[in-house]
Each structure stands twice: as structure tokens, then as C-alpha cells.
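Letter by letter, the chains look like this.
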Amino acid sequence: MISNNRTLLLQDFVNSANYQNTTAKLPIILGKTNSDNLRIADLTDLPNLLVSGATKQGKTNFLKSLISGLILRKEPQDLKLVLIDTKYTAFNEFRKLANQYLTFGPYEEVNEDICIANDTDSCTTVLKLMFIELEKRKSLLKKVGVKRIAEYNDRQNNLTKEDALPHLPYIVCVCDEYSDLTNFSGKSNKENKKYIIRLAKKGPAVGIHMVIATQRPLPEVITWRIKRHFPSRIAFRVTMKNDSKVILNRAGAEEIKAQGEMIFCNERNYERLQTPYFDEKVFL
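Source: prediction; values computed, not measured. (Residues numbered from 1 in each chain as written. Predicted model: local features only at pLDDT ≥ 70, side-chain atom pairs only at ≥ 80, totals over all residues. Heavy atoms only, no water.)

Chemist: Sorry if this is basic, but what is going on with helix α3 (residues 59-71) here?
Modeler: Along an α-helix, residues three or four apart share an orientation, since each turn contains 3.6 residues. An ideal rise of 1.5 Å per residue puts 18 Å on 13 residues; α3 measures up with 19 Å between its terminal C-alpha atoms. The buried fraction of α3 is high, at 13 of 13 residues. (Helix = DSSP H or I, 4+ residues; strand = E, 2+ residues; numbered from the N terminus. Expected span 1.5 Å × (residues − 1). Buried < 20%, exposed > 50% of the residue type's maximum accessible area, 1.4 Å probe, protein only.)

Chemist: So what exactly am I meant to see when it comes to the layout of surface pockets here?
Modeler: Picture a little ball the size of a water molecule; that probe, rolled over the atoms, points out where space is still empty. Estimated volume of the largest pocket: approximately 370 Å³. Looking at the largest pocket, it is lined by 19 residues, and the ones nearest its centre are Q57, G58, K59, N61 and Q259. Element by element, the count of residues in the lining of the largest pocket is highest for α3, at 4 residues. Across the lining of the largest pocket, the residue classes tally to 3 nonpolar, 12 polar and 4 charged. Taken together, K25, K74, D78, I149, A150, N153, D154, H167, L168, P169 and Y170 form the lining of the second largest pocket. Looking at the lining of the second largest pocket, the element that brings in the most residues is helix α5 (residues 149-157), giving 4 residues. (1 Å grid on protein atoms, 1.4 Å probe; cavity = no way out; pocket = protein on both sides within 12 Å on 5 of 7 lines; lining within 4 Å. Points joined across faces, edges and corners; volume = space filled by probe spheres on them. Nonpolar A, V, L, I, M, F, W, Y, C, P; charged D, E, K, R; others polar.)

Chemist: Is there a simple way to explain the pairing of strand β9 (residues 261-266) in this structure?
Modeler: Every other side chain in a regular strand lies on the same face of the sheet, so the side chains alternate between the two faces. When you tally the buried positions in β9, you get 6 out of 6 residues, the bulk of the element. Adjacent in sequence and paired antiparallel, β9 and strand β10 (residues 269-274) are bridged by 2 residues, among which E267 carries a positive phi angle near 55°. (Pairing = 2+ DSSP bridges.)

Chemist: When you look at the packing of aromatic side chains in this model, what are you seeing that I'm missing?
Modeler: Think of a pair of aromatic rings as described by two things: how far the centres are apart, and how the planes are tilted against each other in angle. For the structure on display, the rule yields 4 aromatic pairs. The interplanar angle of 40° and the centroid separation of 5.8 Å between the aromatic rings of F131 and Y195 together place this pair among those described as tilted. One end of the pair, F131, is in helix α4 (residues 120-144); the other, Y195, is in helix α7 (residues 187-202), and 64 residues separate them in sequence. Pair check on accessibility: F131 and Y195 agree, each one buried. Taken together, the ring pairs in this structure connect F91, F94 and F278 into an aromatic cluster. R73 extends its terminal NZ or CZ atom over the ring of Y19, reaching a point 5.6 Å from the ring centre. (Phe/Tyr/Trp six-rings, centres within 6.5 Å; stacked < 30°, edge-to-face > 60°. Lys NZ or Arg CZ within 6 Å of the ring centre and 35° of its normal.)

Chemist: How should I be thinking about the side chain of H229 in this particular structure?
Modeler: Positionally, H229 belongs in helix α8 (residues 224-229). H229 has contacts with N48, I197, A200 and K201, leaving out every residue within four places of it along the chain. (Contact = heavy atoms within 4.5 Å.)

Chemist: Can you walk me through the nonpolar core in this structure?
Modeler: Generally speaking, nonpolar side chains in soluble globular proteins are found buried as a group. Core analysis: the largest hydrophobic core is formed by 90 residues, its most contacted members being L49, F62, L81 and M210. Here this core takes 9 residues from α4, the largest share from any one element. For L81, the contacting residues outside a window of four places in its chain are I67, L70, I71, Y101, L102, T103 and V172. (Core = buried A, V, L, I, M, F, W, Y, C linked by side-chain atoms within 4.5 Å.)

Chemist: Please explain a positive patch on the surface as it appears in this structure.
Modeler: A contiguous patch of positive charge on the surface is contributed by K128, K194, R198, K201, K202, R225 and R228. Within the residue set of the positive patch, elements represented by two or more residues are α7 and α8. With 4 residues, the top contributor of residues to the positive patch is α7. Position of R198 among the secondary structure elements: in helix α7. By relative accessible area, R198 is classed as partly exposed at 35%. (Patch = residues over 30% accessible without salt bridge, like charges linked within 9 Å, V, L, I, M, F, W, Y side chains within 5 Å. Areas by Shrake-Rupley, 256 points an atom, 1.4 Å probe, with all protein chains shown as cover. Salt bridge = Lys/Arg side-chain N within 4 Å of Asp/Glu carboxyl O. Lys, Arg positive; Asp, Glu negative; His and termini not counted. Charge placed at Lys NZ, Arg CZ, Asp CG, Glu CD.)

So yeah, pure geometry; function would need other evidence.
Below you can see the structure in the form of C-alpha cells.
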């Protein structure tokens, strides 16, 4: 059982040596281990992340901590965030960052009113724009003769302005309740599912990473295709053993007792963690 003598705060991570000295390209704050170590991962190594669990167990709080951990270490020219929120309330705190980090589609000019995709049509538009951006990036990397975004940007940094191609920031798409986009009948939902799979499959090489969350840990939501392209997964508490098996391929998440506790699975390694509390007054 993870010790929980006091609330674990996000600033505990931000002020830690682990976070301050990390060399991760996209550092994401995960939580505290049983031995009180602060766990930070590099999203580029994961390279996509699936988050699931029952309602009000900490998923949205975790996503906010993840977003905050990214923007506190990355400059706007090196990171763009695409936020999808079908609940309309999950990411409103980040609207004030519209002119810096947020984008309705890659590089599109946005304001606080339209910086987060909420309805089905806008979500489909965002995913389509990201897929178009993916294809553009693939062409740029092929033109330069490299396979990864880090190699591309390193090479561009050593060229003169006249010879250099556009600098490519990382793009992280965070979607709260992705099942609303993919699991109902209709043409747009089929398109959304197609785009999510393709972005997860081909995006990481060109600097596009997906983080998707759902409170519906069902086989028709977390399909084998999703699991294949989201090998890194997080399970918060669930109500049934079968739900845990759907997310993690094993039982265990149904035994979680405390809100905010989770099991992190990466390459068949399982780790129990306590996630930090996000306080918007401190970070935004």
C-alpha cells in the first residue's frame, strides 16, 4: 500500500531534482512509488498513452498534471498541445494558454473560445488536420533523409536560415473520453477511429503523440487495435476484475482503494503509483 500521510502535490514533482534534471524530450509526471520515489517518464519512449478507470478516480486530474508537466519544461516553439474534451469542462483551465501552447489544429491561429475541441464535428476536424500534418512531416523527414523528428530538428539547427526547413515542434494530443468520438454509429465516428489509430501508429516518429482517456473500459472501446498502438497504459480503480483485464491484460486495478492511485503498465512491467494533485491556482 502506498503511504499517503498527506496529499501529494504536483509542486512536489516540479521542485524535485528528478524533474528539474530530467533529459526527457517530453517529460510526463506519473506519480510516487511505494518507496516514495517520484516517477517521471518520457512520452517519446512510451510513445502513446491510454488512461482508463472508473468515474471520479483521478483520470482528469492526471491528464491536467501531465499537461502541466509538459508546458513547464517545454517552450511554445517546441511544443503544441491539441486538447479534445467532449465533456466541455475537463481542460478549461488551459484556455488562457491559447496563444502559446494550444492549437485547434497544428499551427492554426486560435483564441480562448475555440482552442479546445468539444463537439463531434470539431473533434473530427482536429484529428483530420493532425493527420494532414503527419503526412507533411513524413515528407519533410524524407526530404532531409532522416527517420525521427529529433534528427530532423538537430540537422535544421545547424543550417543557415536560407537552407533550413521549418522547425517542427512536438505535438501532443490529449483526449478526455475518447469513446465519445469512436463508439457510436455514424460516419464521423468511423473517421475518428481511423485517424486515432493512424496517428498512434505513424505519429511518434514525426513528433506526434497521443494520450487518450476513457471511463468505459470495455472491449468494444479498448479494442485490440487500440491496445496494439497504445502499449503504455494506466488503470485507475475499476469496479470489476474484467475491466482491469481489458486495460492491463491482468487483474489488479479492481483492488485499488484510494482515489488517485493507479497501475502503470509499460512493456509488461507493472508499477503501482500515487498521482499528484493538480492545483490550477499554482500553475496557471
